[in-house]
Structure formats: C-alpha cells, structure tokens
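A look at the structure
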Amino acid sequence: MNSAEPNLGKEAIDHRFVVAVMILVDREIVVTQGEVAQALGVKPAKFSEIMNGRMHVGVDMLAELSEEYLVSPEWLLTGRGEFIFRRSSILPQRLNEDELITEHPYIIEGEDEMMRKREEKVKREEEEKREKVITPTLLSIISDKDKIMLQQAEEIGRLKAEIEELKRKVPTTSSADDVSSAESALA
C-alpha cells in the first residue's frame, strides 16, 4: 500500500464505515446501530468492536452497507466523492461524480456539521429529561411554600385579632401603673 494515500488504509476505511453508520442513526434512517448490525448480518458484539475501533470492518460488511443503505462504495473505500450516498441500489460498475445526486435525503453537510447537530440533539434530550424531573419537583416545592404562607397568614390574622381583643380589655389611662399592668397583660 502506498503510504502517500492515507485515505486507503484500513483505519481510514474503518472510520468512514463508522461515520456512515453514525449518519444513518443521526438521520434516523435506522433507529439504532444494532439495527444496522442486524441488517448486515453481524453479531452485536463484533459490530460494537468495529464501531469502537478495536476490529477492522470486512469487505463483505462494506458491500452489504453499500447495498442495503445506498452508501457509495467508492466513498467507503477511498473517501473520494463529495457525497456518501448514491442514487440507485444497483451497484454501478464505476461510480463517477455525475452519478451521485445532490438532493438525496441521506446526504449530509459535513462530518463537523453532523457532529455539531448530534451534540445539539443530545443536549436537547438531556434538557428535556431534566425538565421532566425538575418541573414536578419545583411545582411541589412551590405548592408546599404556598401552604406554609397560607398557614402563616392565618396565624398572623389570628394574632392581630387577639391583640385587638386585648387592647379593648385594657383601659386607656395615662398613669405609669396602668401602662405597666397593660404591658403585663399583653405578655
């Protein structure tokens, strides 16, 4: 193998395979990676090893991925071509750029854009999960606080009524003895 062509190495091919699978999941063409493994006839453990970079993808899996999901075999093997999906499920003898289409529903922007969208999706899902947990908790706390405040307002009202009642019972005189006896009655 020519070392000047790093895109032709096994690791590069493995990487493009992983990218293609991630795009299939990201674009919701498949629900899970396990669905791809099943469609390719691969055991989940082996598929996981390939997706985690601990095992190389076989040419049979590349062919199945290409056939099943219309992934460009040229892109998988060489990284050439701007788009990774092709128009037809019939494998062309030689795939040229003019045979690729630009408005295929599977076509993505770029790897960076795909990863950015995936991260945004994960963040949105995490926020939704947090809201599902936090919202009921906050509502419960607010409800408890409202009950406490209502109880305190009732207690304040009762205490004000008691004070008014005591004020009516205590004669209003200007002598110091009367003031001290009124204070002791309030206490």
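Residues numbered from 1 in each chain as written. Predicted model: local features only at pLDDT ≥ 70, side-chain atom pairs only at ≥ 80, totals over all residues. Heavy atoms only, no water.

1. Comments concerning the pattern of salt bridges
As a working rule, side chains carrying opposite charge can pair if their charged atoms are close by. In total, this model carries 7 salt bridges according to the counting rule given. Sharing partners across several salt bridges, the network here consists of E155, R158 and E162. (Salt bridge = Lys/Arg side-chain N within 4 Å of Asp/Glu carboxyl O.)

2. Observations concerning the packing of aromatic side chains
Considering all chains together, one arrives at 1 aromatic pair under this definition. Ring centres of F17 and F47 lie 6.0 Å apart, and the angle between their planes is 70°; on these two criteria the pair is classed as edge-to-face. On the criterion of sequence distance, the pair formed by F17 in helix α1 (residues 10–26) and F47 in helix α3 (residues 44–51) is long-range, its members being 30 residues apart. F17 gets classed as buried once you look at its relative accessible area, which sits at 0%. Assessed through its relative accessible area of 3%, F47 is described here as buried. (Phe/Tyr/Trp six-rings, centres within 6.5 Å; stacked < 30°, edge-to-face > 60°. Helix = DSSP H or I, 4+ residues; strand = E, 2+ residues; numbered from the N terminus. Buried < 20%, exposed > 50% of the residue type's maximum accessible area, 1.4 Å probe, protein only.)

3. Thoughts on helix α4 (residues 59–69)
All of the buried residues in α4 are M61, L62, L65, S66 and Y69. For α4, the arc enclosing every buried residue in end-on projection is 135°, short of the 170-degree limit, so these residues lie on one face. Relative to its buried face, α4 has exposed residues pointing more than 90 degrees away, namely V59 and D60. The inward-facing, buried residues of α4 contact α1, α2 (33–40), α3 and α5 (73–78). A positive phi of about 60° marks L70, the residue just after α4. (Arc of directions from axis to C-beta. Contact = heavy atoms within 4.5 Å.)

4. Overview of α2
Residues of α2 that are buried include every one of V36, A37 and L40, and no others. Around the axis of α2, the buried residues are gathered within 100° of arc, so they sit on the same side. In the core, the buried residues of α2 are packed alongside α1, α3 and α4. With its phi angle positive at about 75°, G41 sits one or two positions after the end of α2.

5. Considering the environment of V57
By secondary structure assignment, the location of V57 is in the loop between α3 and α4. Using a relative accessible area of 11% as the deciding quantity, one classes V57 as buried. Sequence separation of V57 and K10 is 47 residues, and the distance between their C-alpha atoms is 8.1 Å. Every residue in contact with V57, bar those within four places of it in the chain, is listed here: I13, D14, F17, I50 and L62.

6. Considering the packing of α1 against α3
Their axes nearest at 9 Å, the elements α1 and α3 cross at an angle of 110°. Here α3 runs roughly perpendicular to α1, going by the angle between their axes. Of α3, the residues touching α1 (which contributes F17, V18, V21 and M22) are F47, I50 and M51. For the contact of α1 with α3, the per-class residue count stands at 7 nonpolar, no polar and no charged. (Axes fitted to C-alpha atoms, helices over the stretch in contact; angles between N-to-C directions. Parallel < 35°, antiparallel > 145°, perpendicular 65-115°, else oblique. Nonpolar A, V, L, I, M, F, W, Y, C, P; charged D, E, K, R; others polar.)

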